Amino acid sequence: MSRNYAGLSRERIILEALHIIAGRGLGGLSMRRLGDALEVEAMAIYHHFPLGKEQLFNAIAAYVTSPGSTGDSPVEGVEDIEEEVPEETTEEENDTRPWDERLASWADDYRARLLEYSGALSLLVHRAPATPADTAARALAHRAFTEAGVPTDDLDRATDALYSYCLGAVVHQVRHQDDEDAPGAAETAARFHYGLRALLRGLA
């Protein structure tokens, strides 16, 4: 087995872990199996995740829910946080679409990412990673709900409801995707948007 770890990175480890999870389920992921897939010794993975499997699980959850995140700690990722968050915030603040269209666009992207890595959904039940992308998303939701007239005291509640709906809708779709009468992709998207519109109307 190769001892050349030069090409090993947090993102490469996470992506290979997600590949294993997709094929074998969460229970099929082990550091030894991950090392074999990466063609490195398992100990090489601990160089990037010294706290072991739980730290890797947290990083996977961060990657799934936040584009570009590899689960770096605040100390490790402080430079990225300082550079990326203002750029994302500025782009969102310049978006002149109505508040509900902005939230629907975010919800579509979030749903697509959860579906892409649906094998890791169970990790999100116990993990809510704090990443720059998540901070930016919650700020986006707060601004949108403020425009919609949601009281300040209810902004976090409304945002939590939006997150919960997106995650719950994906879990429901994945749970029933193999049913004989499961709807196709277009219908599942239509059902998601129907519920999303109803939620946003109710919150506003």
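Overview of the structure. Not measured: the values here are computed from a predicted model.

### Things to note about the nonpolar core
1) Next: Of all hydrophobic cores here, the largest spans 49 residues; its most connected members are L29, L34, L56, I60, L103 and F145.
2) Next: When contributions to this core are tallied by element, the ones reaching two or more residues are α1 (10-24), α2 (31-38), α3 (42-48), α4 (53-65), α6 (99-116), α7 (132-147), α8 (155-176) and α9 (185-203).
3) Next: Here this core gets 7 residues from one element, more than from any other, and that element is α4.
4) Next: Sequence-distant contacts of I60, that is, excluding residues within four places in its chain, are made with I14, A17, L18, I21, L29, A120 and L123.

### Concerning the packing of α6 against α7
1) Next: Following both chains from N to C, one finds α6 and α7 inclined at 155°, their axes separated by 9 Å at the closest point. The orientation of α6 with respect to α7, classified from their angle, is roughly antiparallel. Here α6 and α7 pass one another in a crossing that is left-handed. Contact residues: W99, R102, L103 and W106 in α6; A137, L140, A141, R143, A144, F145 and E147 in α7.

Calculation notes
- Residues numbered from 1 in each chain as written.
- Predicted model: local features only at pLDDT ≥ 70, side-chain atom pairs only at ≥ 80, totals over all residues.
- Heavy atoms only, no water.
- Core = buried A, V, L, I, M, F, W, Y, C linked by side-chain atoms within 4.5 Å.
- Buried < 20%, exposed > 50% of the residue type's maximum accessible area, 1.4 Å probe, protein only.
- Helix = DSSP H or I, 4+ residues; strand = E, 2+ residues; numbered from the N terminus.
- Contact = heavy atoms within 4.5 Å.
- Axes fitted to C-alpha atoms, helices over the stretch in contact; angles between N-to-C directions.
- Parallel < 35°, antiparallel > 145°, perpendicular 65-115°, else oblique.
- Left-handed = near helix turned anticlockwise from the far one by under 90°.

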